[in-house]
Structures are given as C-alpha cells and as structure tokens.
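Working through the structure, step by step
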Amino acid sequence: MISNVKQYLEDEKIVKTKPGRTLSGVAPVAVMTKPGTCKHIKKGIGPCTMCPGGLNSVFGNTPQSYTGNEPASMRGKRNKYDPYLQIFNRLEQYILLGHNVEKIELIVMGGSFLDFNKKYREEFITYCFKALNDFGKIFFKKKFDFKKFKKFFELPCDDIGELKRINRLQKRILKLKGKSSLEKEQKRNEKNRLRAVALCVESRPDITINDGKELLRLGVTRVEIGIQSLYDSVLDKINRGHKVGDSIKCLKMLRELGFKVSVHYMVGLPGSSKKMDLDGFKKLFSDENFKPDMLKIYPCIVMKGTKLEEEYLNGKYKPMSNLEAAELIAEMKRIIPEYCRVQRIQRDITKGIIAGVDKSNLRQDVKKIMKERNWECRCIRCREIGRANKIGKEKLEVIEYNANNNKEFFIQITKGGLIGFCRLRFVNEHGIVRELHVYGESAELGKKGKIQHRGYGKLLMKKAEEICRKNKKKKLLVISGVGAKMYYKKLGYKKDGYYMSKTFS
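Residues numbered from 1 in each chain as written. Predicted model: local features only at pLDDT ≥ 70, side-chain atom pairs only at ≥ 80, totals over all residues. Heavy atoms only, no water.

Thoughts on the pattern of salt bridges
Tallied over the full model, the rule gives 44 salt bridges. Where Arg434 meets Asp293, a salt bridge forms, and the shortest distance between an N and an O atom there is 2.6 Å. Remark: Asp293 occurs in the loop between α12 (274–286) and β6 (294–299) and Arg434 occurs in strand β12 (residues 430–438); sequence separation between them is 141 residues. With relative accessibility at 2%, the residue Arg434 sits in the buried group. Among the residues examined, Asp293 registers a relative accessible area of 0% and is labelled buried. (Salt bridge = Lys/Arg side-chain N within 4 Å of Asp/Glu carboxyl O. Helix = DSSP H or I, 4+ residues; strand = E, 2+ residues; numbered from the N terminus. Buried < 20%, exposed > 50% of the residue type's maximum accessible area, 1.4 Å probe, protein only.)

Notes on the pairing of strand β10 (residues 391–403)
Here ten bridges tie β10 to strand β11 (residues 406–427), and the two strands are oriented antiparallel to one another. Across the sheet, Glu397 pairs through a bridge with Gln412, a residue of β11. Counting the residues in the hairpin turn of β10 and β11 gives two residues, including Asn404, whose phi is positive at 50°. (Pairing = 2+ DSSP bridges.)

Notes on the sheet that holds strand β2 (residues 103–109)
Spatial strand order, β1-β2-β3-β4-β5-β6-β8: seven strands in an open sheet with parallel pairing. The two strands at the open ends of the sheet, each matched to only one other strand, are β1 (27–32) and β8 (341–345). Sheet twist, expressed as the mean angle between neighbouring strand axes with direction ignored, is 20°. As defined by bridge partners, β2 adjoins strand β3 (residues 195–203) across five bridges and the pair is classed as parallel. Bridge pairing in β3 places Ile104 opposite Ala196. Relative to β1, helix α3 (residues 71–78) is tilted by about 60°, and along the sheet it contacts β1 and β2. (Axes fitted to C-alpha atoms, helices over the stretch in contact; angles between N-to-C directions. Contact = heavy atoms within 4.5 Å.)

Structure below.
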C-alpha cells in the first residue's frame, strides 16, 4: 500500500508526487482480470512459446502472459481480482499522491478479454463503472471530502497495523458493492464526478464483427491487438495461432466500428532477425493494411517455465541483449509518424527472466542512443505539450492518410508541443471520430486548467465537422467514452446507438 502516509496527510495538505501519471490529461486506472487460459491453448495450438504465466504455471495461477509480480498483477491478486476492490484501491493511491481523478482511463489487463465468457465480461465492466460511481458519490460533493476519505480508509495508519487495515477495508468496500447492471452504471457514469472517458481491453487478432459489437456495448473505446509479427513463418514458429491476414481483417473491422487501435509488436522473436524486424516495422507504417494509432514495442524475453526457455537451454534460440534491443528500437522510433503514440517500450517484468532484455527502463537507453545520434522521434508521446520542451506558435494542422481502405484525418493543434488531436475516419456516407484528446495536466470538471477546458476540444471537433461537410458526409459519429457523452451533448450531438452523432443538413 502507500508508504509514508502521515507525510501526505499532515494538515490535510497533499503535495502531488509522480506527476507524470496524469500528465496526459487523464488518470489511467489498470484492473486485472482473473487467471485464465487463452482460447488457442484450449484448442491445442498454444501457448505461445514465449508466453509466461497462466493456470498452473511456475508462477502459480496468474493471468495469461503475466507472472503475478507486475504492479497491476500484484494489485489484482491483493484484491482477489475483484474490479470493484481494485479500483477503490487504485483511487485511494491516486488521492494520496495528490492527483485529480475526475477523468479516468480504464485499462483492463490480463490477457485476451474476449476469451472470458459473456457473463464474466459484463460483470467485470459493470463493477468497474460502479466503483467509479460509488467512489464519486461517497467522497465528492461540491469538493472532495478529505475528512470522510481519511475516516473511511482509516488513515493515517502505521506499517504495523497495515495488513489488518486492508482486511477491514476490503470487507467494508465489498458491502457497498451490491448488485447492479451494466446499463444502470453506464447511465450513472455519464454524470458522475468520476467519469470513465476511455475504456481499453486487450485481445488477439482472431476476433469477429460480433465481438467488436459486444465491445461497443460494454463501452470500450480502445482495443490493443497483439499482432506481434508481420511474418507468418514467425507466427507459426511461436505457436501464435493466427496469421498476418487475421491482423489485417481485425484492424479494418475495429477501425470501421470507430475504435482506436493499438498494436503490440515484438522484436527478437524465434525465426526472425534484426533486418526482418526492422523491415516489418517499416511495413507497419508504409502498408495501408496497418498504420496503428498506438504502439507497444516488446523485445522477446526468455521467461521461466515457457517453451522458449527449453529452446534457449538447448541452444536453439539466442535472445537480444539490452544494447541490441535499444539500438534496434531507436532506429524504429525514427520512422514513426506523427499520428502514432508509443505507449510502452519493454514489458513491466522484473522477475522470472532467464535471458534477454532485463531492463525495465529500456526507453531511457533508447532515448540516450537517439540523442547521441541526433535522431528525433515524432510520435505523439514524445511531442505531448507536457513532455516536449518546445515553444512555438499555435497551429492547427491536418494530416491525411489511407488505412484499411478508407481515408483517415489526424487533426492536431500544436504550440511547439502537441496540445491535442482528433482522429477522423470516413466510413461509407458518414465520418466517425475515433479519438479526441487534449493533453496537459488533468483539470477538474467545470474548471479551466492550464491547457484543458480552454476550447481546444471544441476547435478540433469543429474542424472534423468542417471536413465532413466539405466531403458531403451526411453524419458524424463519435465513439465516446461513457463518461464523455455529456461533453458531446453540449456540442450538439445526440445518442445514436452506442455512439454520439450529429446530422448535417
């Protein structure tokens, strides 16, 4: 739990620590699903040779592809993998760190979410929303009730009594949980003080249009897809259970439904080479079948208890070193276009590594190499207004490109750094906004921040509407996070199934 609690709570004055957590304008809250088994393992194809964890693994029963030692995994296990408990726990931490939690990005982790049955998926998401709603109802009136928060969480508490406090606290929180429905909690969240403005899940590429519609119903706005490689020979060698063609179909389907898409790309896989990895990465952004919105780059690691460990010990596989991986990724970052955001470089794994990249701060090594070679990365993350130390004139620009057989528009406002952007896609006779994001420190609802709540979102949406009208589109849809629907309502949009929409005359 939280260390040095008394320091944070003294005189009810909280100094914000770890400011980078909400620097992108939202508070990310990760929740872990229960340990389970991938469908392709049940079919006798998997597991992937490099994939750790899962049921009855050397790490015990953990979510597939996790060791149980990652921060989100440990929080999940400590809270019995209950989403309601996990979110209360995470929000408690954010409050003690001094962060604004009114705009939440929910991130569901734990392997392919669609591998769970429908009942489990719906209950899990329902209680994610309910936890946000109940936390907001209990502690937020006109302003945050810090005294009530302290009393509820029994703070301050010394380290000796911490375990007992956690046990009492979990029982107290579970009494609030009760029974509810997805529709009820989504409706509550539209006007709640803590709003889920985005919801992300992970999946493999072998999903259907019905899966996509189910994700819309749950309120999902982003899907992370583990494509891993652009070579069928490599996918076959690692027992992935899907082809490159499946990734192409999946990305197109998700885009047509309005989701923003993030892909996971692995370097150093068995059967690949540095040249293949780099060529595949170039294709990721030159081939219209891909061009992801977001990206996670993972060097292949030899993990304890995997099939890859056997291959490594038998001399059949040699992993990349820290330096080799950093140099390759530095080259890759040079070619990433402005419309893509690199979310992560290297997985958050520190235990169970047998061989390969073992630095959790690999991004820093990549950054150092790029600086030494005078290379620049133009990805969204590197240009964010809170991270980029640049000053310039305010500009609104539109980048047009084709992806999965349709036109995309990346509308951005910059002022040295990136202030905000809008992703617009044409689908048949209408346009669809797949993402609207304004950066800068997260600001309270109804109050102006340094960058947020100053009209940049409205300006971006106005430009998207202008592009649609110019191209004679009849309607503009928005895939809105449940907690952002009221924002679009103020801009003249109405509920249209799972979307918000505006019709043009």
